[in-house]
Amino acid sequence: MEGLEILGKALGMGLAIGLGAIGTGIAQGGIGAAAAGAIAEKPELMGRMLFILVIPELLVILGFAMALIIFSVL
Amino acid sequence: MILPMTKVQVIGDKRHLYPTITLLHDLGVVHLEDAHGDAISASPSDADRDLTTRMTLDSVGEEKKRISDEQLLRLNAVLSGLPRPEDDAHSSERDRLYADISKSDFSAAVETSSGVLDEIETKARTLANERSNLTKELASAEKYEAILEQFHPLLAESAPIQGYETIALLIDRRHEELVALLESEVAEVTGNRSYVTSADIGEDSTAAIIMFASDAAEAVRRLLWEEKVNEVRLPESIAETPFEQALSELHVRKQKIPYQLEEVEKQLDELGSEWWPRVRAVRDVLLDHSEELKRIGQFGETDYTFVVRGWIPDRELDELQKLLAKHFNGEVMTETLEVKELDIDNVPVALENGSFFKPYEFLLSSFNLPRYGAIDPTIMLGVFFLLFFGLIVGDAGYGIIILGASLYLRRRFKEIEIAQMASGIFMWAGVSTIIFGIIYGEFFGDLLLRLHLIPHFELFGLGLPLERTELIMPILIVTAAIGAIHLLFGLVMGVVMGLRFKAYKHLAERAGMLLALIAGALLILTTVLGWPPFLMTIGWVVLALGLAALAYSGGPVMLIMHVIDLIRNVASYTRLMALGLAGAFLANVANELAGMTSIAILGGLIALSLHTLNLVIAVFSPALHSLRLNFLEFFSTFYESGGREYKPFQRSEKVEST
């Protein structure tokens, strides 16, 4: 494999995970702040808030899946 | 499954009111509702049939309530001061006594209670007071000792003189100039028959001692009060003694109190060990009586009858009728009421799926109970949760640890419900993890594969172990397929629900998504596997039907949303692959790093810490994501929530754990 090709794959994989993680981070930041406030008022919401908090993880997970696809297919 | 409920009305001769309440309480299966005319909002369909008024307590009831409240107040006071013995023997003793006392009637219970109170109330109160006084005294002795010790250097200069009094002051360092001011003013009011000495103490206060002629005491105190200077006052017991003596007395008290406290606590422990089960049992019985009296406000009455209304699981109805017939000879009757359309949302929901699925019922009720008449997804939740968890973690080594830890928790915290629930879930999640670990050939990552300890073999035409780190694309496809099947399953149930509740928009939406999903799968499979082209045509037709149904349910904008939703939901299941691979890679990295170091201990430590980290992530994250796939993606296809919790009117048999 040529050096340039490896570089491209590596960059692509890194971007897929990295940008996904940034997106997830931004979304979870907002949700986390709101959830912390809500839980302070009503501790029984803890469970439900935990679920809402993991919703944006889809982004980084799809990024990771994409990186793996680049790794194994391209 | 959701227990089928019957709406039941119990009507009887008022003379049998209290025995009937006790009988219902003993039976413990009726979820009581308001049964009088004021309760229209709770049960809309009964509005037309109510000739009854809200029942109020008669004089006998009022008297019972007064007595039980009074006794409960005293029993609770005794109980709060009485240490609870920690061993099981005392708990079972309480259970035995509770069963004994609750067999007898109210007046016998009150008699027992009075007897118990006569025996120990004074003693318990005295001991508890003594304990609290000693604790307070100890605290104050420590505080004053510290203050007096600060005055110690000054006291040497101001030995007591006949006809003179001393006052000690503690002044904030910021107001230090006050000392000089006081000195001159005190000299003025006493006619120069005074002496003031001061010294700095610690970081921020100044101590001062004023000696003055006793006959000017009143004037000096008034002056201090006017100047708002606080005198250091000693505890009353030593207020009259001179400082030097007071200090030594405080020393002595501080030495002695802990022994006295120990003695009092020993006596309290003995008292608790002897009496706690009996006090607790009689308290609980009276609490039951008080609860029964409180419920009377929910009943309805006419001049000669009482009316009780509530929900009862179908299978318990016979038992209730038999018991009433046996005890009251037909003078208390039951009647089953028709459940009208309006009432459906009021039917309490009780889940029953056997002990294996009990923890999942708990999870479900913390999320949202299903609506009465809807599908109870507990069993599906349990099965898919275990499947997904194993699929993600898939490591025999981690599985063994999870299983072992759960078994330990289960034995260690028998009394704590939440520990039992969690271990009930994770025990089997551990087993599922071990099974998938065997399929993947993973034991703490690729440890065994690295050491060539796993034979490659074939099972049902499948080459095992399936090394998932080498099979990224196939596993990605399999997980998306699992998602499609899971959602398909949910959508079929969603269609059934739509039919059952006659919610046609919902029905169209779910049927549309179902058809679109089938069509999508068909089109992809036909293209990839080269199936005959007529299947392709069928696929397009089904897709068109599905989209039409979606457009009918919510218009063109929602049509696009639904299609995106569907694709996103299927894609969401690829997390089963992604999370699993991330864990597997981390485990492999741990082994790799350990192998790279030449020092065996260092390598072992690196591997141990990375595997521990991975294991912690492996318990938390996959559990959350497996639940999420169920609660969000799967439930959105069919789940009807909003049930009311079934809370039967029952006795508090067991002692709650501390």
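For the structure, see preceding data.
Described below are features of the structure shown in this document. Because the structure is predicted, anything quoted here is derived from the model rather than measured.

**Observations regarding the overall build of chain B**
Then, in step 1: Summing up its helical and strand segments, chain B has 18 helices and 13 strands in all.
Then, in step 2: Its C-alpha radius of gyration of 38 Å places chain B more than 25% over the 26 Å reference for a compact globule of 658 residues.
Then, in step 3: Burial analysis of chain B (658 residues in total) assigns 33% to the buried set.
Then, in step 4: Summarising the internal contacts of chain B: among those between residues at least 6 apart in sequence, 80% fall at separations of at least 24.

**Considerations on the overall build of chain A**
Then, in step 1: Summing up its helical and strand segments, chain A has 3 helices and 0 strands in all.
Then, in step 2: N-terminal to C-terminal, the α/β element order of chain A is α-α-α.
Then, in step 3: In terms of overall size, chain A is more extended than a compact globule, its C-alpha atoms giving a radius of gyration of 17 Å where 74 residues would be expected to give roughly 11 Å.
Then, in step 4: Taken along its principal axes, the extent of the C-alpha atoms in chain A is 60 × 15 × 10 Å.
Then, in step 5: Across the 74 residues of chain A, 18% fall into the buried class.
Then, in step 6: A fraction of 73% describes how many contacts in chain A between residues 6 or more apart in sequence connect residues 24 or more apart.

**Quick word on the nonpolar core**
Then, in step 1: The biggest cluster of nonpolar side chains holds 105 residues, and the ones touching the most others in it are A:Ile61, A:Ala65, B:Val349 and B:Leu576.
Then, in step 2: B:Ala109, B:Ala124, B:Leu271 and B:Val282 belong to the second-largest nonpolar core, a separate cluster that totals 17 residues.

**Re the interface of chain B and chain A**
Then, in step 1: In this assembly, 17 residues from chain B lie in contact with 13 residues from chain A.
Then, in step 2: Counting residues per element, the ones that place at least two in the side of chain B that touches chain A are helix H14 (472-500), helix H16 (533-572), helix H17 (575-596) and helix H18 (600-634) of chain B.
Then, in step 3: No other element matches the 6 residues that H17(B) contributes to the side of chain B that touches chain A.
Then, in step 4: For the side of chain B that touches chain A, a count of residues per class yields 11 nonpolar, 4 polar and 2 charged.

**Structural notes on the packing of helix H10 (residues 378-393) of chain B against H18(B)**
All names here are of chain B.
Then, in step 1: Relative to each other, H10 and H18 sit at 135 degrees, their axes nearing to 9 Å. In terms of orientation, H10 and H18 fall into the oblique class. Where H10 crosses over H18, the handedness of that crossing is right-handed. Residues Leu381, Phe384, Phe385, Phe388, Phe389, Ile392 and Val393 of H10 form the contact with H18, whose own contacting residues are Ala618, Pro622, Ala623, Ser626, Leu627, Leu629 and Asn630.
Then, in step 2: Taken together, the residues that form the contact of H10 with H18 break down as 12 nonpolar, 2 polar and no charged.

**Some remarks on unusual backbone geometry**
Residues and elements named next belong to chain B.
Then, in step 1: At asparagine 192, a residue that is not glycine, the phi angle is positive and equals roughly 60 degrees.
Then, in step 2: Along the chain, the position of asparagine 192 falls in the loop between helix H5 (178-190) and strand S5 (194-201).
Then, in step 3: In this structure asparagine 192 comes out as exposed when scored by C-beta crowding, with 9 C-beta atoms within 10 Å.
Then, in step 4: A positive phi is found at asparagine 329, a non-glycine position, where the angle reads about 50 degrees.
Then, in step 5: Mapping asparagine 329 onto the fold places it in the loop between helix H8 (317-328) and strand S9 (332-337).

**What about helix H11 (residues 396-412) of chain B?**
Residue and element names in this part refer to chain B.
Then, in step 1: Between its first and last C-alpha, H11 extends 24 Å over 17 residues, near the 24 Å set by a 1.5 Å rise per residue.
Then, in step 2: Listed in full, the buried residues belonging to H11 are Ala396, Tyr398, Gly399, Ile402, Leu403 and Ser406. Burial along H11 is one-sided: seen end-on, the buried residues are contained in an arc of 155 degrees. Away from its buried face, by an angle of more than 90 degrees, H11 presents the exposed residues Gly404, Tyr408, Arg411 and Arg412.
Then, in step 3: In this structure, the buried residues of H11 make contact with H10, helix H12 (417-440) and H18.

**Concerning the environment of B:Ile560**
Residue and element names in this part refer to chain B.
Then, in step 1: Within the element layout of this structure, isoleucine 560 appears in helix H16.
Then, in step 2: Classification of isoleucine 560 as partly exposed rests on a count of 13 C-beta atoms within 10 Å.
Then, in step 3: Along the backbone, isoleucine 560 and glutamate 149 are 411 residues apart, and their C-alpha atoms lie at a distance of 82 Å.

**Examining the packing of H10(B) against H17(B)**
Residues and elements named next belong to chain B.
Then, in step 1: As a packed pair, H10 and H17 sit with axes 7 Å apart at the nearest point and diverge in direction by 40 degrees. As the angle between them shows, H10 and H17 are arranged oblique. Residues Phe388, Leu391, Ile392 and Val393 of H10 form the contact with H17, whose participating residues are Leu576, Leu579, Gly580 and Gly583.
Then, in step 2: Tallied by class, the residues present in the contact of H10 with H17 amount to 6 nonpolar, 2 polar and no charged.

Scoring rules and cut-offs
- Residues numbered from 1 in each chain as written.
- Chains lettered and ligands numbered in written order.
- Predicted model: local features only at pLDDT ≥ 70, side-chain atom pairs only at ≥ 80, totals over all residues.
- Helix = DSSP H or I, 4+ residues; strand = E, 2+ residues; numbered from the N terminus.
- Rg over C-alpha atoms; globule rule 2.2 N^0.38 Å.
- Buried ≥ 20, exposed ≤ 12 C-beta atoms within 10 Å, placed from the backbone.
- Contact = placed C-beta atoms within 7 Å.
- Core = buried A, V, L, I, M, F, W, Y, C linked by C-beta atoms within 7 Å.
- Nonpolar A, V, L, I, M, F, W, Y, C, P; charged D, E, K, R; others polar.
- Axes fitted to C-alpha atoms, helices over the stretch in contact; angles between N-to-C directions.
- Parallel < 35°, antiparallel > 145°, perpendicular 65-115°, else oblique.
- Left-handed = near helix turned anticlockwise from the far one by under 90°.
- Expected span 1.5 Å × (residues − 1).
- Arc of directions from axis to C-beta.

Interpretation note: all reported values are geometric properties and have no functional meaning in isolation.
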